[in-house]
Amino acid sequence: MTKLVAVAEPERVALHARDVQFDWTGLPLRWIPREAFASHVINVMHLLLPEGERWFVKVFSEALPLIKDEQLREDVIGFIGQEGMHAKAHQGVQDYFDAHGLDTRAYVEQIENLFRRLLGDRAITDERRQREWLIERLSLIAAIEHITAFLGNWILNSPALDAAGADPRMLDLLRWHGAEEVEHRAVAYDVYMHVDGRYFRRVRTYVIAAGAIVWVWGLGAKHLMDNDPTPGERAKPRWRGVFGTARRGLTPSYGNMFGCMWRYLSPSYHPSQEGSTSQAVAYLARSPAALAADNLAPADDSPTRRAIPTRR
Ligand SMILES: [Fe+2]
Ligand SMILES: [Fe+2]
């Protein structure tokens, strides 16, 4: 009889950025064969994330002086490095789309306005109000990071995409990113709890963030389908696509998504309850892009990849 051995879950991983490179030559815009809807629902990430993650980097860099815990500070520096690389990698796909007839600019300009104007720095002279605006944005990022951790956990557990013949380079980009989202899923939440931690603000910003993401995501998928120049059948946003792709495991299940949203509202919530660090670390140990990045940067020595005891 086979004896099952439980794999110990590392509670904390020292975070480091991996300078991944992707060659998108020949990538179909619909990189899941015969699945225009699912391809474009996932492609929204390449339009939304570059600007969004650059905004994360900016806000977290501004927040560094507020962080008095040395270990959390280290985590934030690792988080900033990882999010900066995510933005760069998704920007590469966005540029590829623009160069291959899928014009993303009108939508991306709206996203830039959202992050730079609505959520950017404000001309506030009062120091206390300035700090409150920074904490408000940290709370929003903690909420968004709950959703990115959910998506990261999903993409690491999405065999239907492999079975459907999805482009392996795209799967590696999504899974490398997803694994790092799972790896650093507690950082934004811990920062928010460190600098403020009020439950009402956490819930309020979460409701705003979740509603805005659903809305903006829908607009992005529609933009991509409307502008997709692939010859043949036109991609159209249809309810059949919305539910059919989720049922077939090509996009996240709506039941799991609502469950995830609900969990964030619990007063005892902590991101460590979502996803598996050991699964994320295991994927990063075999991801072609992550392996190549670590070979390209041998000076980044092993302690940064080691699982280390948590402060909790
Ligand atoms: Fe990210
Ligand atoms: Fe993240």
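Only a predicted model underlies this, so the values are computations on that prediction, with no experimental measurement involved.

Cut-off values and rules
Residues numbered from 1 in each chain as written. Chains lettered and ligands numbered in written order. Predicted model: local features only at pLDDT ≥ 70, side-chain atom pairs only at ≥ 80, totals over all residues. Heavy atoms only, no water. Donors = N, O, S within 2.8 Å, 3.2 Å for Na, K, Ca; no water. Tetrahedral: all angles 85-135°; square planar, octahedral: opposite > 155°, others 65-115°. Helix = DSSP H or I, 4+ residues; strand = E, 2+ residues; numbered from the N terminus. Buried < 20%, exposed > 50% of the residue type's maximum accessible area, 1.4 Å probe, protein only. Phe/Tyr/Trp six-rings, centres within 6.5 Å; stacked < 30°, edge-to-face > 60°. Lys NZ or Arg CZ within 6 Å of the ring centre and 35° of its normal. Contact = heavy atoms within 4.5 Å. Polar contact = N/O pair within 3.5 Å; in protein donor to acceptor, adjacent residues only side chain to side chain. Salt bridge = Lys/Arg side-chain N within 4 Å of Asp/Glu carboxyl O. Core = buried A, V, L, I, M, F, W, Y, C linked by side-chain atoms within 4.5 Å. Arc of directions from axis to C-beta. Axes fitted to C-alpha atoms, helices over the stretch in contact; angles between N-to-C directions. Parallel < 35°, antiparallel > 145°, perpendicular 65-115°, else oblique. Left-handed = near helix turned anticlockwise from the far one by under 90°. Nonpolar A, V, L, I, M, F, W, Y, C, P; charged D, E, K, R; others polar. pLDDT = per-residue confidence, 0-100.

1. Description of the coordination of the iron ion (ligand 2)
At step 1: Surrounding the iron ion (ligand 2) are the protein donor atoms Glu83 (OE), Glu145 (OE), Glu145 (OE), Glu181 (OE), Glu181 (OE) and His184 (NE2), at 2.0 to 2.7 Å.
At step 2: Considering all six donor atoms around the iron ion (ligand 2), angles at the metal cover 53 to 149° and the coordination shape is irregular.
At step 3: Donor residues for the iron ion (ligand 2), ordered by position in the chain, follow E-x61-E-x35-E-x2-H.
At step 4: The two metals, the iron ion (ligand 2) and the iron ion (ligand 1), are separated by 3.7 Å and share glutamate 83 as a common coordinating residue. You can see glutamate 83 sitting in helix H2 (residues 70-99) and its partner histidine 184 sitting in the loop between helix H6 (168-183) and helix H7 (187-195), a full 101 residues away along the chain. Here glutamate 83 matches histidine 184 in class, with each residue buried.

2. Some thoughts on the packing of aromatic side chains
At step 1: Inspection of the entire model under this criterion finds eleven aromatic pairs.
At step 2: Seen in terms of ring centroids, phenylalanine 56 and phenylalanine 79 are 6.4 Å apart; in terms of plane orientation they differ by 20°. Their pairing is stacked. Of the two residues, phenylalanine 56 is situated in helix H1 (residues 36-63) and phenylalanine 79 in helix H2; the sequence distance between them amounts to 23 residues. For the pair phenylalanine 56 and phenylalanine 79, one class covers both residues: buried.
At step 3: Connected via pairs of aromatic rings, a cluster forms that spans Trp55, Phe56, Phe60, Phe79 and Phe115.
At step 4: Above the ring of tryptophan 133, the side-chain terminus of arginine 122 is found at 3.6 Å from the ring centroid.

3. Notes on the environment of glutamate 62
At step 1: Along the chain, glutamate 62 falls in helix H1.
At step 2: Its relative accessible area of 29% is what places glutamate 62 among the partly exposed residues.
At step 3: In this structure the C-alpha to C-alpha distance between glutamate 62 and methionine 45, which are 17 residues apart in sequence, comes to 25 Å.
At step 4: Discounting chain neighbours no more than four positions away, the residues touching glutamate 62 are Asp121, Leu134 and Arg137.
At step 5: Of the polar contacts made by the side chain of glutamate 62, one reaches the side chain of arginine 137; its length is 3.4 Å.

4. Some thoughts on the coordination of the iron ion (ligand 1)
Each donor-metal-donor angle would ideally measure 109.5 degrees in four-coordinate tetrahedral geometry, or 90 or 180 degrees in six-coordinate octahedral geometry.
At step 1: The protein atoms that coordinate the iron ion (ligand 1) are Glu53 (OE), Glu83 (OE), His86 (ND1), His177 (NE2) and Glu181 (OE), at distances of 1.9 to 2.3 Å.
At step 2: Motif for the iron ion (ligand 1), donor spacing along one chain: E-x29-E-x2-H-x90-H-x3-E.

5. Overview of the pattern of salt bridges
At step 1: Taken as a whole, this structure holds 23 salt bridges when the rule is applied.
At step 2: A salt bridge links glutamate 62 to arginine 137, with the shortest nitrogen-to-oxygen separation between them at 3.4 Å. In this pair, glutamate 62 is assigned in helix H1 and arginine 137 in helix H4 (residues 127-156), connecting sequence segments 75 residues apart.
At step 3: For arginine 201, the salt bridge is made with glutamate 132, and the minimal N-O distance between the two is 2.7 Å. Placement of the pair is arginine 201 in helix H8 (residues 199-227) and glutamate 132 in helix H4, with a sequence separation of 69 residues.
At step 4: When its relative accessible area of 7% is taken as the criterion, arginine 201 is described as buried.
At step 5: Several salt bridges share partner residues, and in doing so they unite Glu132, Glu136, Asp196, Arg198, Arg201 and Arg204 into one network.

6. Considerations on the nonpolar core
At step 1: With 93 residues, the main nonpolar core has Trp31, Trp55, Phe60, Phe97 and Leu161 as its most contacted residues.
At step 2: The residues contacting tryptophan 55, other than those within four sequence positions of it, are Phe115, Leu119, Arg137, Leu140, Ile141 and Ile144.

7. A look at helix H11 (residues 277-284)
At step 1: All buried positions along H11 are accounted for by Thr277, Ala280, Tyr283 and Leu284. Buried residues in H11, looked at end-on, bunch into an arc of 125°, giving them a common side.

8. So, the packing of H2 against H6
At step 1: Put simply, H2 and H6 touch, their axes get as near as 11 Å, and they point 160° apart. By the angle between their directions, the pair H2 and H6 is classed as roughly antiparallel. Of the two elements, H2 crosses H6, and the hand of that crossing is left-handed. Across from Gln82, Glu83, Met85, His86, Ala89, His90 and Val93 in H2, the residues of H6 making contact are Met170, Leu173, Leu174, Trp176, His177, Glu180, Glu181 and Glu183.
At step 2: Of the residues belonging to the contact of H2 with H6, the class tally is seven nonpolar, four polar and four charged.

9. Observations regarding the side chain of histidine 16
At step 1: Residue placement: histidine 16 occurs in the loop between strand S1 (12-13) and H1.
At step 2: Among the residues examined, histidine 16 registers a relative accessible area of 6% and is labelled buried.
At step 3: Among the polar contacts made by the side chain of histidine 16, one reaches the side chain of aspartate 294 at a distance of 3.4 Å.

10. Structural notes on the confidence of the model for the chain
At step 1: Taken residue by residue, the chain gives an average pLDDT of 90. The fraction at 70 or more is 90%.
At step 2: Ignoring residues within four places in sequence, the model shows residues 1-6, a span with pLDDT below 50, making zero contacts including any to other chains.
At step 3: Every residue in residues 297-312 is under pLDDT 50, and counting partners more than four places away or in other chains gives 31 contacts.

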